[in-house]
Amino acid sequence: MAAAVRARQVGAVALAEASLARIAATDGRVNAFTDLVRGRALARAAELDARVAAGADLSALPLLGVPFAVKNLFDIAGLCTLAGSKIERDSAPASADGVLVQRLEAAGAVLVGALNMDEYAYGFTTENSHEGPCRNPHDLDCVAGGSSGGSGAAVAAGQVPITLGSDTNGSIRVPASLCGVFGLKPTFGRLPRSGSYPFISSLDHLGPFARSARDLALSYDAMQGPESGALRDPGCAQRAAEPVMLLLGKGVAGLRIGVLDGWFRDNALPEALAAVDRVAEALGASARVELPLVEEGRAAAFLITNAEAGSLHLEDLRRRAGDFEPHSRDRFLAGALLPAAWVARAQRVRRLYAEAVAQVFTQYDLLLAPSTPCAATPVGTEWLTLGERRLPLRPSMGLLTQPISCIGLPVCGVPVWDAHPRMPIGVQLIAAPWREDITLRAAAVLEGLGVVRAPVASLP
């Protein structure tokens, strides 16, 4: 798209109008969007077209004219940042765009709207009782995953080519898996979170969705770099940009690749295991690896999430408990009641787990695991059966992602289509901190081999 705009083969306005038309034609069924900024999008696109017509040098804009949308926990100037809630509708509109929104627009992209999500990002299915459930474009009876469900669904439905989401315990990787698109959860601290509504500040990551490894790399590179200003994100590492786009062609030759065993196979259904095995075969990976302390690490993440979330929303729980959706309210209340000693212990366990996994990465460069225990389930499903265990579905969709984000590792989720009879399911490509390039190189190789792909859903 950007190349076509630059070559005057198509205008940015035409691309924005096409995106808005696709949304109008499909979103009544998908319900990915909560807000559109039509006037803003067309004005921004017209400005870009005028610069192209004037002969301006726009070679430094890698996303020239490309439409995008963001999870509705990102600030958009003039809109209330809802974070999927009813309560935030009473808040003042954002006075400025979030930092990553600004950076994508500085790279030439055109914002078209905000996307559906689980309330306050606490969920894995985007069955939002305030906005209605976001539906999977590949099967409208099924969930899109969450909490960034609208972000995954909008890309799968062909409404926009790039979206932004957040990932605390798996909220990029789960919808990427269920919707059959690519998703990148960078290293914790890599991208600034300023101008986004927090969920768990010690675990929150922001990142992109797209339909190819190349588009992930383009958008990721555009968002990298340290943040300035007194109000910058204290969790941002302020690390210099390390572009990955030009590294995609390096391939995976020489990389030490392992397949996660134990927890990651015990908590996955046959379609999830088949997807991992398909990817492992394509990458020539046969070594089986067990992460130490993984179950303890997942438990620590669960407690930290519960406690921080309950603390963040404590005042509203006291005053407006009835305005929370039932799926999240009870978990927030439980978190507010957790003993401080449990939370302190969870943080110690998290540190021990991180140190143990760091040792694994002295022997391996890339680890493979399923993204979700299963493919997308019907809206309203309450239970997941894993062997002889019957587990609550909504939290269990994060069984395989939560132990990875708990310690901030970079992950690219890639979609496999031949492991389930009719639906996609994702695989996690996991690297050591700050090695997003390795995950994206592997994703590009798999895409080139045809092992992973992200087709637009066949919505009429």
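Structure: above.
Residues numbered from 1 in each chain as written. Predicted model: local features only at pLDDT ≥ 70, side-chain atom pairs only at ≥ 80, totals over all residues. Heavy atoms only, no water.

**Student:** Residue-level account of the overall build of the chain, with values.
**Tutor:** Along its length, the chain carries 16 helices and 17 strands. Scaling as 2.2 N^0.38, a compact globule of 460 residues should have a C-alpha radius of gyration of about 23 Å, and the chain matches this with 21 Å. Buried positions account for 62% of the 460 residues belonging to the chain. For the chain, long-range pairs separated by at least 24 residues make up 76% of all intrachain contacts whose partners lie at least 6 apart in sequence. Of the roughly 16500 Å² of accessible surface on the chain, a fraction of 54% belongs to carbon and sulfur atoms. (Helix = DSSP H or I, 4+ residues; strand = E, 2+ residues; numbered from the N terminus. Rg over C-alpha atoms; globule rule 2.2 N^0.38 Å. Buried < 20%, exposed > 50% of the residue type's maximum accessible area, 1.4 Å probe, protein only. Contact = heavy atoms within 4.5 Å. Areas by Shrake-Rupley, 256 points an atom, 1.4 Å probe, with all protein chains shown as cover.)

**Student:** Kindly report on the sheet that holds strand β9 (residues 182-185), identifying the contributing residues and their values.
**Tutor:** The mixed open sheet is built from 11 strands, whose spatial order is β1-β3-β2-β8-β10-β9-β16-β17-β13-β11-β12. Because the sheet does not close on itself, it has two edges, and the strands there are β1 (33-36) and β12 (287-289). Strand-to-strand twist across the sheet, computed as the mean angle between neighbouring axes with direction ignored, equals 30°. One ladder, built from two bridges, connects β9 with strand β10 (residues 205-210); its direction is antiparallel. For F182, the partnering residue across the bridge sits in β10 and is A210. On the sheet, helix α3 (residues 38-53) packs against β1 and β3 (110-115) and is oriented at approximately 160° with respect to β3. Across the sheet, helix α5 (residues 149-156) is in contact with β1, β2 (67-71), β3, β8 (162-167) and β10; its angle to β8 comes to roughly 155°. (Pairing = 2+ DSSP bridges. Axes fitted to C-alpha atoms, helices over the stretch in contact; angles between N-to-C directions.)

**Student:** I'd like a description of the packing of aromatic side chains, backed by residues and values.
**Tutor:** As enumerated under the stated definition, the model contains six aromatic pairs in all. When the centroid spacing of 5.4 Å and the interplanar angle of 35° are considered together, the rings of Y120 and Y197 count as tilted. Of this pair, Y120 sits in the loop between β3 and β4 (127-128) while Y197 sits in the loop between β9 and β10; the two residues are 77 residues apart in sequence, bridging distant segments of the chain. Ring centres of Y120 and F324 lie 6.0 Å apart, and the angle between their planes is 50°; this geometry places the pair in the tilted category. Residue Y120 is located in the loop between β3 and β4, and its partner F324 is located in the loop between α11 (314-320) and α12 (326-336); the two are separated by 204 residues in the primary sequence. Residue classification places Y120 among the buried positions, given a relative accessible area of 1%. Ring pairs connect the aromatic residues Y120, Y122, Y197, F199, F324 and F332, which therefore count as one cluster. (Phe/Tyr/Trp six-rings, centres within 6.5 Å; stacked < 30°, edge-to-face > 60°.)

**Student:** I'd like a description of the pattern of salt bridges, backed by residues and values.
**Tutor:** Under the defined criterion, the tally for this structure stands at 24 salt bridges. Across the pair D277 and R265 runs a salt bridge, and its minimum N-O distance is 3.3 Å. Highlighted residues: D277 in helix α9 (residues 270-283) and R265 in helix α8 (residues 263-266), separated in sequence by 12 residues. We classify D277 as partly exposed; its relative accessible area is 30%. (Salt bridge = Lys/Arg side-chain N within 4 Å of Asp/Glu carboxyl O.)

**Student:** Lay out the pairing of β8 in plain terms, naming residues and giving numbers.
**Tutor:** Of all six residues in β8, six are buried, a share of seventy percent or more. Side chains I162, L164 and S166 of β8 all project onto a buried face; the interleaved residues T163, G165 and D167 project onto the opposite face, where all are buried too. Both β2 and β8 contribute to a ladder of three bridges, which runs parallel. Across the sheet, residue F68 finds its bridge partner in β8, namely I162. Here β8 runs beside β10; their pairing, made up of five bridges, is antiparallel. Opposite D167, over in β10, you have H205 as the bridge partner.

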